[in-house]
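Here are the chains, one letter per residue:
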Amino acid sequence: MAYTDKTRGMYTEVLTNLKDAGLFKQERYIHSAQAADIEVEFPSGASLKKVINICANNYLGLSSHPEVVKAAHAGLDSHGYGMSSVRFICGTQDIHRTLEQMVTKFLGTEDTILFPSCMDANAGVFEAVLTKDDVMISDRLVHASIIDGIRLCSAMHDTFKHSDMGHLEEKLQLHNDKRLKMVITDGVFSMDGDTAKLDKMVELCEKYDALLFVDDSHSSGFIGKTGRGTHELCGVMGKIDIITTTFGKGLGGASGGCVSGRKELVEMCRQKARPYLFSNTIAPPVVAGVIKVLEILSASTDRRDKLEKNTAFWRKGLLDAGLIIKDGDTPIVPVMLFNAKLAQDVSRDLYDEGIYAIGFFFPVVPQGAARIRTQISAGHEIHHLEKALEAFRKVGKKYNILGKTKQEIIDMYGM
Amino acid sequence: MEDMKEIIKDYVIKEYVEDDTELTYDSPLISGGIVDSFSMVSLKRFLENKYNISIPDDKATPEAFDSVNKICLLVNDYLK
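Residues numbered from 1 in each chain as written. Chains lettered and ligands numbered in written order. Predicted model: local features only at pLDDT ≥ 70, side-chain atom pairs only at ≥ 80, totals over all residues.

### Details of the overall build of chain B
- Helix and strand content of chain B: 3 helices and 0 strands.
- Starting at the N terminus and walking to the C terminus, you meet the elements of chain B as α-α-α.
- Taking 12 Å as the expected radius of gyration for a compact globule of 80 residues, we find that chain B reaches 11 Å, a close match to that expectation.
- Classification of the 80 residues of chain B by burial places 25% in the buried group. (Helix = DSSP H or I, 4+ residues; strand = E, 2+ residues; numbered from the N terminus. Rg over C-alpha atoms; globule rule 2.2 N^0.38 Å. Buried ≥ 20, exposed ≤ 12 C-beta atoms within 10 Å, placed from the backbone.)

This is the structure in structure tokens:
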């Protein structure tokens, strides 16, 4: 079909509607390496502005770590730029298998398979290991990539209320006649920063003979005493059947993901998962970088310990300022503003103050739950956080939201 | 029939409603966003277990599940 004026007009109208609804996403161009201090061009064509980044998934500050960059350079030199092949034809190098073995050891699982991204891991894993005789029971707030993977799988699907273990148990009873039951959750939920109750979930899965799947993308490298993830935090290492995670956040921040868990399930992915079979895997320099990341994190917990301290400082600072934040102790700290326009206005004013943080609102979060999602990093120093707190206090004062309750803010600005 | 309506309405509230949304027998459940298509399966299984019936997948459509009244009509078809 030719791309006619009518077709162009149709898409133009859709895009215009997105803009009118305030849902149009605009990129901000960063001219520096990813770090606590960045240089940003926004809007497009504007002169560069130095800002403090408090919205990256760079939890461990490893995105531009000199040792990681050096390792990636060395990987580029020794193993080349790309593979020009999927894994099972001629796209597997020694370093791909080395990384899989290192991830297996780091997470305390039986085996691991790499994917081009965790989005791909989640898109491929369910279809590879489940059939129409099975059921998937997922938390209602799991990540979009899991929902996409569930849609691609022929197994029955049901949900349980967010973190409601009583409701999960009811669902396990309801579907007890299925061949396999798989309980599906995020480890740390990306919008609220809360943590799954994996200890209770393991208990229920053992009671009802169900498999347990955890996406630990917002946990790997820093949650738990030695940063292994939510399974370490909850004392259930070795008891999670499938863990998916990403190398695009705390673990170096470049790209790539994996499925790690029971060796037969990993092998099923190697034989059947479509994103693995029909797409190149992670490029050699990135593999070399992630290997270095795991070496750094296995040698010392300094970075996750610093992140923990920074997070505590940040949470206390926001509360002391009189802002409303979501409870928890993860480095994802949502500052609740409830109203979408207020969230956008606060984000813009923070940017003017040299702080880069983004507003989230419906449909990304529920209606009336608009917020600024802040994310803390081991790459932040206390002076970064103090400056960001000062900006939050100044902007919060401007909008008269400091020390106000949720209802008071809603009364002033609406939902 | 009234008992059935009340039982189904109570189940929908307990299962899906997480705020103070009020529900009538004609409230649009699927098209109104109260029950998402993913979660319909538990409603179908609840009805099958409760009334000892089997609803074919091709009859368990979003349209047939879109209100308590419509669900009662569907269940009654299989009770006969």
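### Notes on the nonpolar core
All names here are of chain A.
- By size, the foremost hydrophobic cluster in this structure holds 126 residues, and its most contacted members are M136, V183 and L212.
- With 8 residues, the single largest contributor to this core is helix α5 (residues 118-129).
- Mapping this core onto the domain boundaries places at least three of its residues in each of domain 1 (33-63 + 302-413) and domain 2 (66-299).
- Discounting residues that sit within four places of it in the chain, M136 has contacts with F126, L130, I150, C153, A155, H157, M182 and I184. (Core = buried A, V, L, I, M, F, W, Y, C linked by C-beta atoms within 7 Å. Domains from an automatic or database assignment. Contact = placed C-beta atoms within 7 Å.)

### A closer look at the pairing of strand β2 (residues 37-41) of chain A
Residues and elements named next belong to chain A.
- Across 2 bridges, the pairing between strand β1 (residues 29-30) and β2 is antiparallel. By the bridge assignment, I30 is partnered in β2 with V40.
- Here β1 folds back onto β2, and the loop between the two strands holds 6 residues.
- The sheet contact formed by β2 and strand β3 (residues 49-53) spans 4 bridges and is antiparallel. Paired with E39 across the strands is K50, a residue of β3. (Pairing = 2+ DSSP bridges.)

### Looking at the packing of helix α2 (residues 66-79) of chain A against helix α12 (residues 284-299) of chain A
Residue and element names in this part refer to chain A.
- Here α2 crosses α12 at 140 degrees, and the two axes come no closer than 7 Å. By the angle class used here, α2 and α12 are oblique. The handedness of the crossing between α2 and α12 comes out as right-handed. Only P284, P285, V286, V287, A288, G289, I291, K292, V293 and I296 of α12 make contact with α2, whose side of the interface consists of E67, V68, A71, A72, A74, G75, L76 and H79.
- Of the residues in the contact of α2 with α12, the class split is 13 nonpolar, 3 polar and 2 charged. (Axes fitted to C-alpha atoms, helices over the stretch in contact; angles between N-to-C directions. Parallel < 35°, antiparallel > 145°, perpendicular 65-115°, else oblique. Left-handed = near helix turned anticlockwise from the far one by under 90°. Nonpolar A, V, L, I, M, F, W, Y, C, P; charged D, E, K, R; others polar.)

### Topic: the domain arrangement of chain A
Residues and elements named next belong to chain A.
- Along its sequence, chain A is carved into domain 1 (33-63 + 302-413) and domain 2 (66-299).
- Each of domain 1 and domain 2 was reduced to a C-alpha centroid, and the two centroids are 28 Å apart.
- Across the contact, 19 residues belong to domain 1 and 19 residues belong to domain 2.
- Going through the elements one at a time, α13 (302-321) and β11 (332-338) are the ones with two or more residues in the side of domain 1 that touches domain 2.
- Among the residues making up the side of domain 1 that touches domain 2, the classes are represented as 9 nonpolar, 6 polar and 4 charged.

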